[in-house]
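Each chain, written out:
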Amino acid sequence: MEAMLSKHIIMLPFMAQGHLIPFLELAHKILDHNPNFTITIANTPLNINYLGSAIANRPSRIHLKSLSFNSSDHGLPPNSENTDGLSSSQIVTLLHASTALEAPFRRFISDVVSSEGSPRVCIISDVFMGWANGIAKSFGIFHYTFTTCGAYGTAAYCSIWLNFPHRNLVDGGSPEEFVVPGFPESCRFTVMELNQYVRAADAKDERFFQTQISSSLESNGWLCNTVEEVETLGLEVLRNYVKLPVWCIGPLIPSKMLKKNLGSDTSSGITAQRSGKQPGIQLKKCIEWLDSHPTGSVLYISFGSQNTISETQMMELAKGLEESEKPFIWVIRPPIGFDLKGDFRPEWLPSGFEDRIGKQGLMVYEWAPQLEILCHQSTGAFLSHCGWNSVTESLSQGVPLIGWPLAGEQAYNAKMLVEEMGVCVVLTRWVDSRITKEEVSKVINVVLDKIEGGKGEDMRKKAIQLGELIRGSVEINRSSYIAMNDFLTTVLSGFKSVMV
Ligand code: UDP
């Protein structure tokens, strides 16, 4: 490796769009702050291809390193190198399988450290890849943990996996409330808010998550994709828990998105630039469609990059949308149990649905230009699974949410959005919940209604205030900007202290 790689940050994201995307944004953001770093992102071959196409659209000094990985060795379908298209049990298998990257990653670090002649190298790994901390220690280099989630969600995730505070309640299936260690007494959780991995965890899962979290707690500091003044309670709990520096360097979204009022000028293809996907036709279609609707009138519906809902839920959601009579853009993919990348069958929707909705709705199959949709002034609310990227993207634009958490820490995010921020109404939780068209229609009307003094208006006002804080945080000498400078100063002094 050439001498230019002398201040080298090596990143190791977990294999999922919702992790790869913020890691890539983090890399761009570090280089924006200090172009003298070199950054390498290491991952499996297919994810490296994907990142390669994403950075091809945006000049940068980001290097990519393929680590060998064969999904079939782990009981996964061939070429399953990220969570796209995997069922929730396969996602847990992929999490376990990610530890197979340890050997190739160790070889890579060994090559870098020896060829660069001095240990001016550090690692930033995903909170799911805590094992990277052991590798860093064995080469005498610094290791930082990056949680792509928010502070509240990360704190709840860590505490629940490490303490299982609900365990004595789960057997009886009790909906009772319990306190999560680290959270205040007044902030009660319920079993219904726990994700299916925690509820169904076996000893192997428990060991996996506890090991990754415990190792991450031994790193030199944590980076969190959030904004200091936006997540007050979450950060207080996380800091008490982690007992390491926590730098809030979010929101990790393209800087173009942080300029308010892009209006209909969203033709830049920022989703494509960031994700490597090229939804050019979709983008044009969505923007033209949004342009034809009044400000704040449209509901955007998406369950993120890897989730879907059941056939019955899809049917009720469609009927509820129709009944609400509100305009919507729905990113739709096959329901649970079917190939998520396969063709969409008309029988999954009410008969004649697409003809009937006419101008009311726009269906986008599989993948939409989400950033551009959320930036558009016509978008008034987001029915979301509350994945953290979707949450920050939505709030950064002052768009309130309707929550339908499906996996991971999403229900903790939704809980915070409702209880701490007042910008969300939860429609339902998880893939096995029952919803009715009446509930769907009612909640849409609450959130999109323009009634003065009503709940919708209150949520919108709060979301707009949060949006201002989020967008302002990245400006010079504001919180996220300062946190990034502090972090990079720590990285540089870490290089020095390792060298003496
Ligand atoms: N996304 C997108 N188009 C889609 C679905 C998702 O651009 O049709 C992007 C979205 O903008 C976000 C990411 O994919 O940046 C999804 O991340 P999130 O944390 O919300 O959910 P996950 O996919 O990890 O469950």
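All of these numbers come straight from a predicted model, not from anything done at the bench. (Residues numbered from 1 in each chain as written. Predicted model: local features only at pLDDT ≥ 70, side-chain atom pairs only at ≥ 80, totals over all residues.)

**Comments concerning the overall build of the protein chain**
Going by this rule: A run of H or I in DSSP counts as a helix once it spans at least four residues, and a run of E counts as a strand once it spans at least two, with each numbered from the N terminus. Neighbour counting defines burial: a residue surrounded by 20 or more other C-beta atoms within 10 Å of its own C-beta is buried, one with 12 or fewer is exposed, and intermediate counts give partly exposed, using backbone-placed C-beta atoms. By the convention adopted here, residues make contact when the C-beta atoms placed from their backbones lie within 7 Å.
In terms of regular secondary structure, the protein chain is built from 20 helices and 15 strands. Expressed as lengths along the three principal axes of its C-alpha atoms, the size of the protein chain is roughly 70 × 55 × 45 Å. Put simply, the protein chain has 500 residues, and 51% of those count as buried. When contacts within the protein chain are restricted to residue pairs at least 6 apart in sequence, long-range pairs at least 24 apart make up 70% of them.

**Things to note about the sheet that holds strand β2 (residues 38-43)**
What counts here: Strand pairing is defined by DSSP finding a minimum of two bridges between the two strands. Angles run from 0 to 180 degrees between N-to-C directions of axes, and those axes are lines fitted to C-alpha atoms, restricted for helices to the stretch in contact.
The strand order across the open sheet formed by 7 strands is β3-β2-β1-β4-β5-β8-β9, and the pairing between neighbours is parallel. Lying at the two open borders of the sheet, with one neighbouring strand each, are β3 (62-66) and β9 (246-248). Averaged over neighbouring strand pairs, the angle between their axes works out to 25° when direction is ignored. Both strand β5 (residues 142-147) and strand β8 (residues 222-224) contribute to a ladder of 3 bridges, which runs parallel. Paired with threonine 147 across the bridge in β8 is cysteine 224.

**Details of the environment of serine 110**
Relative to the assigned elements, serine 110 resides in helix α4 (residues 102-116). Using a count of 13 C-beta atoms within 10 Å as the deciding quantity, one classes serine 110 as partly exposed. In the structure, serine 110 is positioned 139 residues away from isoleucine 249 in sequence and 29 Å away in space, judged by C-alpha atoms.

**Observations regarding the packing of helix α6 (residues 151-163) against helix α10 (residues 232-242)**
Just so we agree on the cut-off: An angle below 35 degrees is treated as roughly parallel, one above 145 as roughly antiparallel, one from 65 to 115 as roughly perpendicular, and anything else as oblique. Take the far helix as the reference: if the near one is turned anticlockwise from it by less than a right angle, the crossing is left-handed, and if turned clockwise, right-handed. Residue polarity is assigned by list, with Asp, Glu, Lys and Arg as charged and Ala, Val, Leu, Ile, Met, Phe, Trp, Tyr, Cys and Pro as nonpolar; anything else, Gly included, falls into the polar class.
Close contact between α6 and α10 brings their axes to 7 Å; oriented N to C, the two are set at 40°. Classed by the angle they form, the pair α6 and α10 counts as oblique. The two elements α6 and α10 meet at a crossing, and its hand is left-handed. Only Leu233, Gly234, Leu235, Val237, Leu238 and Tyr241 of α10 make contact with α6, whose side of the interface consists of Ala151, Tyr152, Thr154, Ala155, Cys158 and Ser159. Its residues placed into classes, the contact of α6 with α10 shows 9 nonpolar, 3 polar and no charged.

**Looking at α10**
This is how it is decided: An arc is given here, and it is the one of the directions from the helix axis to the C-beta atoms.
Taken together, the buried positions of α10 are Gly234, Leu235, Val237, Leu238, Tyr241 and Val242. Buried residues of α10, viewed axially, fall in a sector of 165°; they line one side. Of the residues trailing α10, lysine 243 is marked for its positive phi of about 55°.

**Thoughts on the sheet that holds strand β12 (residues 361-365)**
The sheet built from 6 strands is open, its strands ordered β12-β11-β10-β13-β14-β15 with parallel pairing. Edge strands, defined here as strands with exactly one partner in the open sheet, are β12 and β15 (424-426). Pairwise comparison of adjacent strand axes, ignoring direction, gives a mean angle of 20° for this sheet. Bridge count for strand β14 (residues 401-403) against β15 is 3 bridges, and the pairing is parallel.

**A short note on the site of the ligand**
Filter applied, for reference: Placing the C-beta atom from the backbone, one calls a residue near a molecule or strand if that atom lies within 6 Å of it.
Contacts to the ligand come from 21 residues, most closely from Gly18, Gly304, Ser305, Gly387 and Ser390. Broken down by secondary-structure element, the contributors of at least two residues to the shell around the ligand are α1 (17-33), α11 (270-275), α15 (370-375) and α16 (388-396). Looking at the shell around the ligand element by element, the count peaks at 4 residues for α16. Residues belonging to the shell around the ligand are distributed by class as follows: 7 nonpolar, 13 polar and 1 charged.

**Quick word on the confidence of the model for the protein chain**
The condition is simple: Confidence scores per residue from the predictor, reported as pLDDT, run from 0 to 100.
For the protein chain, per-residue confidence averages 91 on the pLDDT scale, and residues scoring 70 or more make up 92% of the total. Reported confidence for the predicted complex is 0.99 by ipTM and 0.92 by pTM.

**Some points on helix α9 (residues 203-216)**
Side chains three or four residues apart in an α-helix point the same way, a direct result of the helix having 3.6 residues per turn. What counts here: The span you would expect from a helix comes to 1.5 Å times its residue count less one.
Here α9 contains 14 residues, and its C-alpha end-to-end distance of 20 Å stays within 8% of the 20 Å for a straight helix at 1.5 Å per residue. Those residues of α9 that fall on the buried side of the exposure criterion are Phe208, Phe209, Gln212, Ile213, Ser215 and Ser216. Contacts made by the buried residues of α9 are with α3 (88-97), α5 (132-138), β5 and α6.

**Remarks on unusual backbone geometry**
For the bond running from glycine 250 to proline 251, omega is 0°, close enough to zero to count as cis. Along the polypeptide, proline 251 turns up in the loop between β9 and α11. The phi dihedral of phenylalanine 164 falls on the positive side, at around 45°, and the residue is not glycine. Tracing the backbone through its elements, the reader meets phenylalanine 164 in the loop between α6 and α7 (167-170).

**Some points on the environment of glycine 472**
Following the sequence through the fold, glycine 472 ends up in helix α19 (residues 455-472). With 15 C-beta atoms packed within 10 Å, glycine 472 lands in the partly exposed category. For the pair formed by glycine 472 and valine 227, sequence separation is 245 residues and the distance between their alpha carbons is 9.8 Å.

**A closer look at the environment of lysine 204**
With respect to the helices and strands, lysine 204 occurs in helix α9. A count of 10 C-beta atoms within 10 Å places lysine 204 in the exposed class. Each C-alpha atom, one on lysine 204 and one on histidine 96, is 8.9 Å from the other, the two residues being 108 residues apart in sequence.

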